[in-house]
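Here are the chains, one letter per residue:
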Amino acid sequence: MKNEKLTTDEYDALEQVARGIKTERPSACVARNAKRLSGLKLLSYARDGRLSITEKAQQLLFLRRCIMGLRAVAADPLTKLESDVAYFLGKKAHIVARAEGEGHDISDKGRDSLADIDTLGL
């Protein structure tokens, strides 16, 4: 997964498929990116032609949410995080609960991780 850099448009397509496609035809964003994403084993086609995301894509989207959450906490400690993201980042010691009660502070380990993420360009 490290060598597979995705564009914002490709991430949007994955998120749309993860939420579920309500109509017969996928959106232009999904249609435009489906071939590459299925080649990377992030999307799969069912026998009836419906698109679904793979487990690899679910992990990738969760990782992206964690990175965005870590950046949000670095910018504003009072940022509300989704419960699963806050639990994961807390378990990995990237964030710690604030003594004042609301919000989180980023730990030294979290700062180091953000620096590594920024150098990789994720």
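Residues numbered from 1 in each chain as written. Predicted model: local features only at pLDDT ≥ 70, side-chain atom pairs only at ≥ 80, totals over all residues. Heavy atoms only, no water.

Student: Sorry if this is basic, but what is going on with the pattern of salt bridges here?
Tutor: Working definition: two side chains of opposite charge can pair if their charged atoms are close together. Tallying each qualifying case throughout the model produces ten salt bridges. Between Glu82 and Arg65 there is a salt bridge whose closest N-O contact spans 2.8 Å. In this pair, Glu82 is assigned in the loop between α3 (55-75) and α4 (83-91) and Arg65 in helix α3, connecting sequence segments 17 residues apart. According to the relative accessible area criterion, Glu82 is partly exposed, its value standing at 45%. Between Arg98 and Asp105 there is a salt bridge, and its shortest N-O distance comes to 3.5 Å. When its relative accessible area of 21% is taken as the criterion, Arg98 is described as partly exposed. By relative accessible area, which is 30% here, Asp105 ends up partly exposed. A single salt-bridge network, built from bridges that share partners, covers Arg65, Glu82 and Asp84. (Salt bridge = Lys/Arg side-chain N within 4 Å of Asp/Glu carboxyl O. Helix = DSSP H or I, 4+ residues; strand = E, 2+ residues; numbered from the N terminus. Buried < 20%, exposed > 50% of the residue type's maximum accessible area, 1.4 Å probe, protein only.)

Student: Can you help me understand the nonpolar core in this one?
Tutor: Soluble, globular proteins show a tendency: their nonpolar side chains are buried together. Counting residues in hydrophobic clusters, the biggest one holds 17 residues, and the most contacted among them are Leu6, Leu14, Leu37, Leu42, Leu43 and Ile53. For this core, the secondary-structure elements that each account for two or more residues are α1 (8-19), α2 (28-39), β2 (51-53) and α3. Beyond its immediate chain neighbours, meaning those up to four positions away, Leu6 contacts Tyr11, Leu14, Arg36, Leu37, Leu40, Leu42 and Leu60. Formed by ten residues, the second largest nonpolar core is a distinct cluster that contains Cys66, Leu89, Ile95 and Ile106. (Core = buried A, V, L, I, M, F, W, Y, C linked by side-chain atoms within 4.5 Å. Contact = heavy atoms within 4.5 Å.)

Student: Teacher, can you tell me more about helix α5 (residues 108-120) here?
Tutor: Residues spaced three or four apart along an α-helix point in a common direction, a consequence of the helix completing one turn every 3.6 residues. Compared with the 18 Å implied by 1.5 Å per residue over 13 residues, the 19 Å span of α5 between its first and last C-alpha is a close match. The complete set of buried residues in α5 reads Gly110, Ser113, Leu114 and Ile117. One face of α5 carries all of its buried residues, which in axial projection span an arc of 100°. Structural note: α5 exposes Asp108, Asp112 and Thr119 on the side pointing more than 90 degrees away from its buried face. Buried-residue contacts for α5 involve α3 and β4 (104-106). Gly121 sits one or two positions beyond α5 and adopts a positive phi of about 80°. (Expected span 1.5 Å × (residues − 1). Arc of directions from axis to C-beta.)

Student: It is not clear to me how the packing of aromatic side chains should be interpreted in this structure. Could you clarify?
Tutor: Aromatic rings in a pair are described by how distant their centres are and how their planes are angled relative to each other. Under the definition given, this model contains one aromatic pair. Measuring from centroid to centroid gives 5.4 Å for Phe62 and Phe88, while their planes differ by 75°, and the two rings are edge-to-face. Of the two residues, Phe62 sits in helix α3 while Phe88 sits in helix α4, which places them 26 residues apart along the sequence. For Phe88, a relative accessible area of 31% gives the class partly exposed. (Phe/Tyr/Trp six-rings, centres within 6.5 Å; stacked < 30°, edge-to-face > 60°.)

Student: How should I be thinking about the packing of α1 against α2 in this particular structure?
Tutor: When two helices pack together, you describe them by how their axes are tilted relative to each other and by the distance separating the axes. Look at α1 against α2: their axes get within 9 Å of each other, and the N-to-C directions meet at 100°. When the axes of α1 and α2 are compared, the pair comes out roughly perpendicular. Packed against α1, whose contacting residues are Asp9, Glu10, Asp12, Ala13, Leu14, Gln16 and Val17, the element α2 presents Cys29, Val30, Arg32, Asn33, Arg36 and Leu37 at the interface. (Axes fitted to C-alpha atoms, helices over the stretch in contact; angles between N-to-C directions. Parallel < 35°, antiparallel > 145°, perpendicular 65-115°, else oblique.)

All we've got here are geometric facts, nothing functional implied.
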